[in-house]
Structures are given as structure tokens and as C-alpha cells.
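# Tertiary structure, described
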Amino acid sequence: MNSKSNDRGADLERYNPPPATMDGERLIAVFSQLIEPLGRTLPISSEIILHDFSKMPNSIVAIHGNVTGRKVGDPATNYLLERVSEGRFENDIGYETSLPDGRRLKSSTMIIRDISNSPVAALCINSDVSVWAELQSIASAMIRGSESVPPVISPDARVARTLPSHQSGLSREWFPKNVDELAEYLIRRAIDCSGVSVSEMKKKDKVQVVGYLKSKGFFLLKDAIEMIASELEITRFTIYNYLNELEEAEMAPGKP
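Conventions used here
- Residues numbered from 1 in each chain as written.
- Predicted model: local features only at pLDDT ≥ 70, side-chain atom pairs only at ≥ 80, totals over all residues.
- Heavy atoms only, no water.
- 1 Å grid on protein atoms, 1.4 Å probe; cavity = no way out; pocket = protein on both sides within 12 Å on 5 of 7 lines; lining within 4 Å.
- Points joined across faces, edges and corners; volume = space filled by probe spheres on them.
- Helix = DSSP H or I, 4+ residues; strand = E, 2+ residues; numbered from the N terminus.
- Nonpolar A, V, L, I, M, F, W, Y, C, P; charged D, E, K, R; others polar.
- Axes fitted to C-alpha atoms, helices over the stretch in contact; angles between N-to-C directions.
- Parallel < 35°, antiparallel > 145°, perpendicular 65-115°, else oblique.
- Contact = heavy atoms within 4.5 Å.
- Pairing = 2+ DSSP bridges.
- Buried < 20%, exposed > 50% of the residue type's maximum accessible area, 1.4 Å probe, protein only.
- Core = buried A, V, L, I, M, F, W, Y, C linked by side-chain atoms within 4.5 Å.
- Salt bridge = Lys/Arg side-chain N within 4 Å of Asp/Glu carboxyl O.
- Phe/Tyr/Trp six-rings, centres within 6.5 Å; stacked < 30°, edge-to-face > 60°.
- pLDDT = per-residue confidence, 0-100.

### Notes on empty space enclosed by the protein
Scanning the model with the defined rule gives two cavities of 30 Å³ or more in all. When its volume is computed, the second largest cavity comes out at roughly 60 Å³. Every residue lining the second largest cavity is listed: H51, R70, T77, Y79, L80, Y95, T109, C124, N126 and E173. Residue assignment for the lining of the second largest cavity shows that the elements contributing at least two residues are α3 (78–86) and β5 (119–128). Of the residues in the lining of the second largest cavity, the class split is four nonpolar, four polar and two charged.

### A few points about the packing of helix α7 (residues 203–215) against helix α9 (residues 236–250)
One can describe the packing of α7 onto α9 by two numbers: an axis separation of 10 Å at closest approach and a directional angle of 75 degrees. It follows that α7 is roughly perpendicular to α9 by the angle criterion. Contacts between α7 and α9 involve K203, K206, V207, V210, G211 and K214 from the former and I239, Y242, L243, E245, L246 and E250 from the latter. Grouping the amino acids of the contact of α7 with α9 by side-chain chemistry returns six nonpolar, one polar and five charged.

### A word on the sheet that holds β5
Within a sheet, neighbouring strands are paired by backbone hydrogen bonds and run either parallel or antiparallel to one another. Read across the open sheet, the five strands follow the order β2-β1-β5-β4-β3; overall the sheet is antiparallel. The sheet is open, and its two edges are formed by β2 (60–64) and β3 (92–98), each paired on a single side. Strand-to-strand twist across the sheet, computed as the mean angle between neighbouring axes with direction ignored, equals 20 degrees. Strand direction decides the pairing type here: strand β1 (residues 46–52) and β5, joined by seven bridges, are antiparallel. Following the sheet pairing, I49 is matched in β5 by C124.

### Side note on the pairing of β5
Across the 10 residues that make up β5, a large majority, eight, are buried. Note that strand β4 (residues 104–113) and β5 share nine bridges and pair antiparallel. Note that in β5 the partner of K106 across the bridge is S127. The antiparallel hairpin formed by β4 and β5 contains five residues in its connecting segment, where N117 sits at a positive phi of about 70 degrees.

### Some remarks on the nonpolar core
Formed by 42 residues in total, the largest nonpolar core has its most connected members in L213, F218, F219, I228, L232 and I239. Within the residue set of this core, elements represented by two or more residues are α3, β5, α6 (179–194), α7, α8 (224–232) and α9. In terms of residues, this core owes the most to one element, α6, which gives eight residues. Dropping the residues within four chain positions of it, I239 is found in contact with V210, F219, I225, I228, A229, L232 and I234.

### Quick notes on the pattern of salt bridges
All told, the structure shown has 15 salt bridges when counted by the stated rule. Here R103 and D101 are joined by a salt bridge, their closest N and O atoms 2.9 Å apart. Here D101 falls in the partly exposed class, since its relative accessible area comes to 45%. One salt bridge connects E226 with R236, and the closest N-O pair in it is separated by 3.2 Å. Highlighted residues: E226 in helix α8 and R236 in helix α9, separated in sequence by 10 residues. Given a relative accessible area of 31%, E226 falls into the partly exposed group. With relative accessibility at 28%, the residue R236 sits in the partly exposed group. Linked through salt bridges whose partners overlap, the residues forming this network are E82, E86, R88, E90 and K216.

### Description of the packing of aromatic side chains
Counting across every chain of the model gives five aromatic pairs. Aromatic side chains W174 and Y185 sit 4.9 Å apart centroid to centroid with 5 degrees between the ring planes, which places their arrangement in the stacked category. With W174 in the loop between α5 (155–160) and α6 and Y185 in helix α6, the pair connects residues that are 11 residues apart, well separated along the chain. Overall, W174 belongs to the buried group, its relative accessible area being 11%. Residue Y185 is classed as buried on the basis of its relative accessible area, which comes to 5%.

### Considerations on the confidence of the model for the protein
Per-residue confidence for the protein averages 83 on the pLDDT scale, and 78% of its residues sit at or above 70. For residues 1–15, every residue scores under 50 in pLDDT, and the model assigns this stretch 27 contacts once sequence neighbours within four places are set aside. With pLDDT under 50 throughout, residues 151–170 is counted as low confidence; its partners more than four residues away or in other chains account for 24 contacts.

Take a look at the structure:
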């Protein structure tokens with residue numbers, strides 16, 4: 001293993017968050033004070049969250065509401081982690097996702113930028129729309145004159161009841177309570193997507209798993225190298241080699 005590989009692996013092993021700026025800190029302080037009053041204007045089935053990018057991955061600095069059961073100090077979702085790792089800092093309004101228990105959410109992620117136009121935080125709103133879908137069903141049944149209204153169970157909920165929450169694959173966004181939970185979710189998804197059990201994996205399968213995790217921002221997490229090396233039953237230096245191979249393939253002639 002050459003020193004270049006070691007240095008590159010060390011850089012990937014721990015994410016160094018962007019340095020906080022004076023204007024960024026001011027904006028985060030202002031928005032932190034607004035989270036509670038803004039949250040009180042939303043329906044009780046909604047929550048509003050402020051993420052500080054300089055504190056990634058444990059980026060939640062303010063929250064009002066309890067839709068996803070998270071608190072200050074909890075980590076970013078897999079979706080936000082992926083976007084930060086790829087440098088995709090655009091607003092995403094009104095996308096749909098779901099919770100492990102099958103509840104449907106409508107979510108929005110809005111990027112806060114400082115005076116130099118650098119992204120410093122994300123303001124996120126998650127609204128549980130399952131209750132509104134159920135009310136709509138009840139209202140429709142009443143208008144039709146139905147004597148009984150069957151309980152509303154979304155297709156997502158039916159599937160979620162038969163699968164472990166981290167394997168359901170129903171949602172683009174996972175709402176972890178801690179970094180270990182986020183890491184476990186990403187690893188499980190990566191292995192599930194390979195379609196091969198770890199005991200039967202060849203090198204190409206393990207490279208595929210590492211490539212998937214790299215694309216999802218997994219290596220921004222502390223101890224990411226050790227976690228996936230242990231899961232794939234290989235050494236941390238083998239992970240470094242896989243990452244180098246993936247990087248070289250991305251830089252090969254003909255690649256966009």
C-alpha cells in the first residue's frame with residue numbers, strides 16, 4: 001500500500017465539515033429561534049427541522065414537532081447526507097417519502113446560504129399526510145352513503161408490515177435516530193441492492209457495495225471504513241484499494 005492510498009483513505013475515513021462562517025453562524029442562530037414559532041403555525045401532523053452543515057453528520061440543531069421522532073443532535077437523513085456529499089445544494093419541494101410503519105410523508109428541503117452564497121444549513125419540513133388520506137376516504141364513503149368505512153391501509157404500509165424496516169426499500173429517505181442507525185441502514189441497502197449474500201460475494205460484488213456506499217455519502221461518517229470492512233469481512237486497506245479503483249474508473253478517458 002503506497003502513501004498516496006493511505007492519505008486518500010484517511011481523507012475518506014472522517015468527514016471534515018465545512019468551516020462555520022460568521023454570517024453562517026448568524027443565519028443559523030436566527031433560524032434556530034424561528035423554528036418553534038414556525039412549527040406552531042403548521043398542523044400538528046408536521047415537523048420542521050434545521051440542519052447545520054458544519055455539524056454533519058449530527059446536524060440537527062433545532063426541531064419542532066414529532067413526526068419522525070428525532071431530536072437535537074440526531075444525524076441527517078440518508079437523502080441529505082447524499083446530497084451534501086455530492087455538492088447538490090438545490091431546494092427540493094413537496095417530494096413524497098414514508099416511515100417504516102407505512103405512514104406517508106410529504107417533505108421539503110430548503111437550502112440556506114450565507115452572504116457569499118455558500119450553503120450553510122437546510123430547513124426541512126415533514127408532514128404526515130396519512131391522516132388526510134384517511135379523512136378523504138371517510139368523507140368519500142359518507143358521500144356515497146356507505147354504512148361502514150374500512151380502515152385505510154396504504155400499499156406501503158402493507159409491505160412494511162411484512163419486511164424489516166431497513167429492508168422495505170419503500171422510501172427515498174430514512175430518518176435515523178443516531179449515526180450507527182444511519183450507517184446500518186446504508187450498509188443493509190447496499191448489500192440488498194447487490195443481490196448477493198456477503199458469504200457468496202466475489203471481489204466485483206464487494207466493489208459494487210463500496211461504490212454504492214460512496215455514492216450515498218457513507219464515507220462522510222466517522223469509522224465508515226472500519227464498519228464496512230467488518231461487514232464485508234475484508235481489511236480496511238482493501239476498502240481503500242476499492243475506493244481508489246472506483247476513483248480511477250471515474251477518471252478514465254471517456255467518462256463524463
